[in-house]
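# Topology and contacts: notes
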Amino acid sequence: MIQQIVVLGGGQMGNGIAHVCAQAGYAVTVVDISEKQRELAQATITKNLDRSVSKGNLSEAAKKETLARLSFCDAIPHRDFDLLIEAVTENVVLKTKLLADASHRLKKEAIIASNTSSISLTQLAVATDRPEQVIGMHFMNPVPLMQLVEVIRSLTTSEATFQAVAEVIEKIGKTMVVSQDMPGFIVNRILMPMINEAIYSLYEGIATAEDIDRAMKLGTNQPMGPLALADLIGLDTCLAIMSVLHEGFSDSKYRPCPLLRNYVNAGWLGRKAGRGFYQYGGSVSCQKT
């Protein structure tokens, strides 16, 4: 039975995962080597809980109980965790190394999950000392608000591992969909080519960023336009996912748009950098391209 969870990475996804797990009653430790990131993660979770209290969706007592179940460290502190959820940058080399190292620090019964949005789970699993206990748990951003968790079964994932993770997802109040271990899984195999095509539309001068997003919002009833969504996800993450799709399928339809590469090279990564297809600050304005 899973009772203690360690979340590896205290960034945007990691702190959201820690938030929902702690609120559901799990003891959660967030591990990040950056003290600044740990402090930011704690502040973000507290702010989001405060917002829930102010809206009447959470009691003050429940907020305090949730915060009491959270701790923050610069390394995995002990071997008693039942589940590790990795939520670091979408980089196969980094994820492989961290999961391999973590597997030697955890008790032999512990399950290892990755929040990867596109990388092969089988590739990650075989780098650990327990391939049958590795699985994908792809949360959507922002985690506290989004209902979906995409579960990815690798070639090695056992039925016991799958069932244990399914129970966690039910307890945290999310809905699960199951994907086989193919590049991009379900969500990003469909979503990212759409975003990439929107970037090509901007690159080829078909329309402005604002008109592309307005067209998709009003014409297809999407809550957010694809370029604004790319900025929210992070353009570096979008490029990483498109690269995985392109390399995994060897199909030109997944070729990342050159404009996307240029923006990432320039450090224009979206909201987190203050600039992407839009500029972020006091007001949002269309980035001229």
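What you see as residue numbers is a count from 1 along each chain, following the sequence as written. Restriction of local features to residues with pLDDT of at least 70 applies here, the model being predicted, together with a cutoff of 80 or more for giving and counting side-chain atom pairs; totals for whole chains, interfaces and linings are based on all residues. The side-chain values count all of the structure's non-hydrogen atoms but skip hydrogen atoms and water molecules.

A separate point is the UniProt feature "binding site: NAD(+)" (unreviewed entry) in the chain. UniProt positions are given in the numbering used here, feature names are shortened, and annotations may be inferred rather than shown by experiment. According to UniProt, the positions carrying the feature "binding site: NAD(+)" (unreviewed entry) are Gly 9, Gly 10, Gly 11, Gln 12, Met 13, Gly 14, Asp 32, Glu 90, Lys 95, Ser 117, Asn 141 and Lys 272. Going along the chain from the N terminus, every DSSP run of H or I of four or more residues is numbered as a helix, and every run of E of two or more is numbered as a strand. With respect to the helices and strands, Gln 12 occurs in helix H1 (residues 12-23). Gln 12 gets classed as partly exposed once you look at its relative accessible area, which sits at 46%. You can see Gly 14 is positioned in helix H1. In this structure, Gly 14 is in contact with Val 7, Gly 9 and Ala 87, ignoring residues within four places of it in sequence. Buried means the residue's accessible area, taken with a 1.4 Å probe over protein chains only, is under 20% of the maximum for its type, while exposed means over 50%, and partly exposed covers the values in between. Throughout, a residue-residue contact means that at least one pair of heavy atoms, one from each residue, lies within 4.5 Å.

The extent of an interface is frequently quoted as the accessible surface area lost upon association of the parts. Taken domain by domain, the chain holds domain 1 (4-180) and domain 2 (188-273). In this structure, domain 1 and domain 2 have C-alpha centres spaced 26 Å apart. Taken together, the contact between domain 1 and domain 2 spans seven residues of the former and six residues of the latter. Joining two parts hides part of their accessible area as seen by a 1.4 Å probe, and the buried area is that hidden amount summed over both. It is Glu 90, Ser 117 and Ser 118 that lose the most area in domain 1 upon contact with domain 2, and together they represent 58% of the buried surface on that side. Whenever a nitrogen or oxygen atom comes within 3.5 Å of another N or O atom, the pair is scored as a polar contact, on the condition that within protein one atom can donate a hydrogen and the other can accept it, and that pairs from neighbouring residues in sequence are kept only if both atoms are in side chains. Our count for the domain 1 to domain 2 interface comes out at one residue pair in polar contact (both at pLDDT 80 or more). A breakdown of the residues in the side of domain 1 that touches domain 2 according to their chemical character gives one nonpolar, five polar and one charged. Residue ranges assigned to the domains are those given by an automatic or database domain assignment. Note on residue categories: nonpolar means Ala, Val, Leu, Ile, Met, Phe, Trp, Tyr, Cys or Pro, charged means Asp, Glu, Lys or Arg, and polar means any other residue, Gly included.

Any Lys or Arg side-chain nitrogen located within 4 Å of an Asp or Glu carboxyl oxygen qualifies as a salt bridge. According to the stated counting rule, one finds ten salt bridges in the structure shown. One salt bridge in this structure joins Asp 129 and Arg 130, with 2.8 Å as the shortest N-O distance. Asp 129 sits in the partly exposed class, given a relative accessible area of 42%. The network of salt bridges with shared partners includes Asp 50, Glu 60 and Lys 63.

A few words on helix H8 (residues 209-220). To estimate how far a helix should extend, the number of its residues minus one is multiplied by 1.5 Å. With twelve residues, H8 should reach 16 Å at 1.5 Å per residue; the first-to-last C-alpha distance of 16 Å fits that figure. Every buried residue of H8 is listed here: Ala 209, Ile 212 and Asp 213. The buried residues of H8 occupy an angular sector of 95 degrees when projected down its axis, which confines them to one face. H8 presents Leu 218 and Gly 219 as exposed residues on the side facing more than 90 degrees away from its buried surface. Just downstream of H8, Asn 221 is the residue with a positive phi angle, here 65 degrees. What the arc covers is the set of directions going from the helix axis to the C-beta atoms.

Positionally, Pro 258 belongs in helix H11 (residues 258-266). Residues Pro 258 and Tyr 203, 55 residues apart in the sequence, show an inter-C-alpha distance of 8.1 Å. Apart from the residues within four sequence positions on either side, Pro 258 is in contact with Tyr 200 and Tyr 203.

For the rest of this paragraph, the subject is the pairing of strand S7 (residues 148-153). The rule for pairing is simple: two strands pair if DSSP sees at least two bridges between them. Of the strand pairs in this sheet, strand S6 (residues 134-139) and S7 are connected by four bridges, and their pairing is antiparallel. Bridging from a neighbouring strand, His 138 pairs with Glu 150 of S7. Pairing analysis gives six bridges linking S7 to strand S8 (residues 175-180), with the strands arranged parallel. Bridging from a neighbouring strand, Ile 152 pairs with Ser 179 of S8. One crossover worth recording links S7 to the parallel S8 by way of helix H6 (residues 159-171), and it is right-handed. The crossover handedness rule: strands pointing away from the viewer, path from first strand over the helix to second strand clockwise, crossover right-handed.

To continue, consider the packing of aromatic side chains. Classification of ring pairs rests on two measures: the distance between centres of Phe, Tyr or Trp rings, Trp counted by its six-membered ring, which must be within 6.5 Å, and the angle between planes, read as stacked under 30 degrees, edge-to-face over 60 and tilted in between. Under the definition given, this model contains four aromatic pairs. Summarising the aromatic geometry, the rings of Tyr 200 and Tyr 203 are spaced 6.3 Å apart at their centres and angled 65 degrees between planes, so their arrangement reads as edge-to-face. Residue Tyr 200 and its partner Tyr 203 are located together in helix H7 (residues 187-203), separated by three residues, close to a single helical turn. Since its relative accessible area comes to 44%, Tyr 203 is described here as partly exposed. Taken together, a centroid distance of 5.2 Å and an interplanar angle of 85 degrees make the contact between Tyr 263 and Trp 268 edge-to-face. Within the aromatic cluster, the residues linked to one another by ring pairs are Tyr 263, Trp 268 and Phe 277. The criterion for a charge sitting over a ring is simple: Lys NZ or Arg CZ within 6 Å of the ring centre, and within 35 degrees of the ring normal. Over the ring of Phe 162 we find Arg 153; its NZ or CZ atom is 4.3 Å from the centre of that ring. A cation over a ring is seen here: Lys 171 above Tyr 26, with NZ or CZ 4.3 Å from the ring centre.

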